[in-house]
Amino acid sequence: MQKRDFHTSLSDQLRDLPDTPGVYLFLDREGKVIYVGKAKSLRKRVASYFTGKVTGKTKVLVSRIASLDHVVVESESDALLLENNLIKKYQPRYNILLKDDKSYPWICIKKEPFPRVFMTRNVIRDGSEYFGPYTSARMVRTLLDLIRQLYTLRTCKLNLTKKNIEAGKFRVCLEYHLGKCKAPCIGKQTEEEYDRDIQNVRMILKGNIREVIKHLEGLMQEYAEGLAFEKAQVVKEKLEILEKYRARSVIVTPNIRESDVFYMIDRVNFAIINFLKIVNGAVVQSHTVEVKKVLGEKKEEILPLIVSDIRQRFSSDTKETIVPFRPDTEVSGTHWTVPVRGDKKKLLELSERNAKYYLLEKEKREERYRKKYSTERKLEQLRKDLRLQELPRHIECFDNSNLQGTHPVASCVVFRDARPSKKDYRHFNIRTVEGPDDFASMEEVVFRRYKRLLEEGEKLPQLVVIDGGKGQLSAAQKSLTKLGLQDRIALIGIAKRLEEIYFPHDPVPLYLDKNSESLKIIQYLRDEAHRFGITFHRQIRSKDLLKSELDEIPGIGEKTKNMLLDRFGSVAEIRKQSLEILADVIGKSKAEKIISFLKPR
C-alpha cells in the first residue's frame, strides 16, 4: 500500500496516481479510512471525485477527504477481491458494509485420527476441513442428525493415535453401548473403515448425495450376494434416509452440474441479492443479503462486489455464475452467464422468487415497526394532553344503555395500545338500580368491574373513560374511591354535545383540538362502548319479545314448551287443540294445565 503524507496536497497525490488497475483508500484528518474503492484506472477514477460535479453524499465524502492511499494490482478482478477484503477490515463509513463470517456456523471435519464431525463458529486454520458457512444453525443440526443416522462417528475428544490405542489407554463409553459409536478407541473399528464413512460425509456436505447413494447401492448388492442379509438391511435403511433427504432438496435440472445463481432487486436506498448454490442439479444452499447504499451505487457496481464476497464466504469455486445482467467487473475464477431461456433462466427465476419473498418480509417488518412507532407517538401525545403520569397502554370505557327505563345494561370496552381488544369486552346487567338512573347504574358497573379485577389479581387500566358528563364521572369516582383506586387509575368523562373532557373535582372542562389524535382515540373508545352496549341491549329486548305465554304456565318447562311449538308451530294453534291431542304429545297432566290456562284467555 502506497502511504501518503498528510502534508502532501491532494492535487500532488492525484498527479502521482498510476493509470493502472488498483484499489484506492480515502482517509480523513485523523487518518481513519472512510472509503475504499476499486478502479480500472486509479488516476481517472480518483480524479473524477474532484471535478466539482459530485452531489449529495458523495459531495459530503469528498469534503472529508484529507489524504489517500492506493494499491496497484494486476487486474480489475484482483482489485475487486482486495476491495472486498479491505472493506471488511476497515468497515469504512461511506462504503457498503460487508461483514465477516465470525458469527456463521460451519461444519468441521477435524484433522485428527478418526476425525470428529461437529458444528463450530470458529474457523481454526489447522488443516481441518470446514463446510459452510451456513446461514441457519437449524440447517447445520439437520445435516449433523442425518450424518449420525447414517454413520457411527465418535464424539469424544480422545487422542486416538495408533500408539495410544495399542497401549490400551482407553475404555468404551456410553455411546458404544447405545450403538452410536463402534469404539475405535479400543480397536473395534479400523481407521480405513472409519475413513470410508468420513469420505461419504464429505460428499454429502458438498451436495454429492448421488455419489453416496451409488456407493451404498453397490455395497448393499455386495452384501446381498454374499448372503449377509442383516448388513444389507442396515445399508438399505441408510439408503432410505438419504432418499428422503434428497427428496426435500429442490431439484432444478439434472443438466446443470455446478453453478452459482444471483438475482438482484435494486431500490433507491438498498439492494437485495439472493444466492443459490446448485450442485448436481439441486439447490444445496440459499442465502439472501440486504445491502444499504451509501453513495447511490449502481447495480452494476454492487453485484460483482457481493458475488466476490459470497464466493469467498461460501468457499465457492464454480466456473459459472448466472446473473440477471452483466456487471461492470469480472470476478476471478468464474464467468458471467445472462440466460434468456431454458433451465438456467428457470434457475434465475427461482432466485428471483427468493429475493422477492425476502423483500416482502422486509416490508412487513417495516410496516409492523411503523405501526408500533405510530402507536407509541399517539399514546405519548394522549398522556401529555390528559396530563397522565403513565403511558395509557390499557384504557377502558363505560357506557349505559336503556330504553325508557327498561332492560338497563352497561358495556365496558378495552383498548390496548390504542386498538380494541375485543376479547376483553364485557357486558353488565344492572342489578341494584330500579328505573332509569344513569348515575347509580354507572356507579354499580364501575364498582363491579374493578372489584372483580382486584379479586382476580388482574392488571388495572392506566385510564378509564366514562361516556357522560360530570354526573356520570362523579358516580364512577365514588366507586373507585370505595375500592381505594382513586390514585391508581386516571379517570375522565367525555360529554357528547361539545366533546368536553371532564376530570374529577374540576368543574372546568378540557377542550382538545377537533383534529387531534388524542380526541380521536377518546371518541373511538366512546363510540365503540356505545355500539357494544346498544347491540347487547337489542339482544335483551329481542329475547323479551320472544317470550311465550307458555312461559307463564306453572309446571311447564322449556322442554315441554319446545315440544309443543315444534308440533303445532304457535300458541294460537295449541289453543285450538283438544285435551286428547295435547295429551298424546306431553301427557294428560300437563295437557290439563295448558287447557285450563289458555282456554279462559
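For the structure itself, consult the block above.
Anyway, here's the lowdown on the structure attached to this text. Keep in mind that what you see is a predicted model, and the values were worked out from it rather than measured.

A few points about the packing of aromatic side chains
Item 1. Applying the stated criterion to the full structure yields 13 aromatic pairs.
Item 2. A centroid spacing of 5.3 Å and a plane angle of 45° characterise the contact between Y24 and F26, whose relative ring orientation is tilted.
Item 3. Considering the side-chain rings of Y35 and Y49, the 6.3 Å spacing of their centres and the 65° angle between planes classify their relative orientation as edge-to-face. One end of the pair, Y35, is in strand β2 (residues 33–39); the other, Y49, is in the loop between α2 (42–47) and α3 (56–63), with 14 residues separating them in the sequence.
Item 4. Given a relative accessible area of 5%, Y49 falls into the buried group.
Item 5. An aromatic cluster of at least three residues, connected via ring pairs, comprises Y24, F26, Y35, Y49 and F50.

Things to note about the pattern of salt bridges
It is possible for side chains bearing opposite charge to pair when their charged atoms get close.
Item 1. If you walk through the whole model with that rule in mind, you get 30 salt bridges.
Item 2. We note a salt bridge from D126 to K110, for which the minimum N-O separation is 2.8 Å. Pair noted here: D126 is in the loop between β5 (117–120) and β6 (129–131) and K110 is in the loop between β4 (106–109) and β5, with a separation of 16 residues, a long-range link.
Item 3. Judged by its relative accessible area of 18%, K110 falls in the buried class.
Item 4. Among the charged side chains, a salt-bridge network with shared partners connects E290, K292, K362 and E366.

Concerning helix α18 (residues 579–586)
Item 1. All of the buried residues along α18 are L582, V585 and I586. The buried residues of α18 all sit within an arc of 75° when viewed along its axis, so they share a single face. Projecting away from the buried face of α18 at angles above 90 degrees are the exposed residues E580 and D584.
Item 2. Contacts made by the buried residues of α18 are with α16 (558–568), α17 (571–576) and α19 (588–598).
Item 3. Phi turns positive one or two residues past the end of α18, at G587, with a value near 95°.

A few points about the packing of helix α4 (residues 76–90) against helix α11 (residues 299–313)
Item 1. Look at α4 against α11: their axes get within 9 Å of each other, and the N-to-C directions meet at 75°. With respect to each other, α4 and α11 are oriented roughly perpendicular. Note on element contacts: α11 touches α4 through P304, L305, S308, D309 and Q312, opposite L80, L81, E83, N84, N85, I87 and K88.
Item 2. Grouping the amino acids of the contact of α4 with α11 by side-chain chemistry returns five nonpolar, four polar and three charged.

Notes on the nonpolar core
Item 1. Residues V36, F262, M264, I273, I302, L303 and I306 are the most contacted members of the largest nonpolar core, which totals 30 residues.
Item 2. When residues of this core are traced back to their parent elements, those giving at least two are β1 (22–27), β2, α4, β8 (258–266), β9 (270–279), β10 (282–292) and α11.
Item 3. A per-element tally of this core places α11 first, with six residues.
Item 4. Apart from the residues within four sequence positions on either side, F262 is in contact with I273, N274, F275, L303, V307, I310, T321, I322, V323, P324, L348 and S351.
Item 5. Within the second largest apolar cluster, 29 residues are counted, among which are V117, L153, L160 and V235.

Re the sheet that holds β1
Item 1. Strand order in this open sheet of three strands is β2-β1-β3, and the pairing throughout is antiparallel. Each having just a single partner strand, β2 and β3 (67–72) make up the two edges of the open sheet. Between one strand axis and the next, the sheet turns by 20° as a mean value, whatever way the strands run.
Item 2. In this fold α4 packs onto β1, β2 and β3, with an angle of close to 170° to the strand it touches most, β2.

Reading the values: the criteria
Residues numbered from 1 in each chain as written. Predicted model: local features only at pLDDT ≥ 70, side-chain atom pairs only at ≥ 80, totals over all residues. Heavy atoms only, no water. Phe/Tyr/Trp six-rings, centres within 6.5 Å; stacked < 30°, edge-to-face > 60°. Helix = DSSP H or I, 4+ residues; strand = E, 2+ residues; numbered from the N terminus. Buried < 20%, exposed > 50% of the residue type's maximum accessible area, 1.4 Å probe, protein only. Salt bridge = Lys/Arg side-chain N within 4 Å of Asp/Glu carboxyl O. Arc of directions from axis to C-beta. Contact = heavy atoms within 4.5 Å. Axes fitted to C-alpha atoms, helices over the stretch in contact; angles between N-to-C directions. Parallel < 35°, antiparallel > 145°, perpendicular 65-115°, else oblique. Nonpolar A, V, L, I, M, F, W, Y, C, P; charged D, E, K, R; others polar. Core = buried A, V, L, I, M, F, W, Y, C linked by side-chain atoms within 4.5 Å. Pairing = 2+ DSSP bridges.

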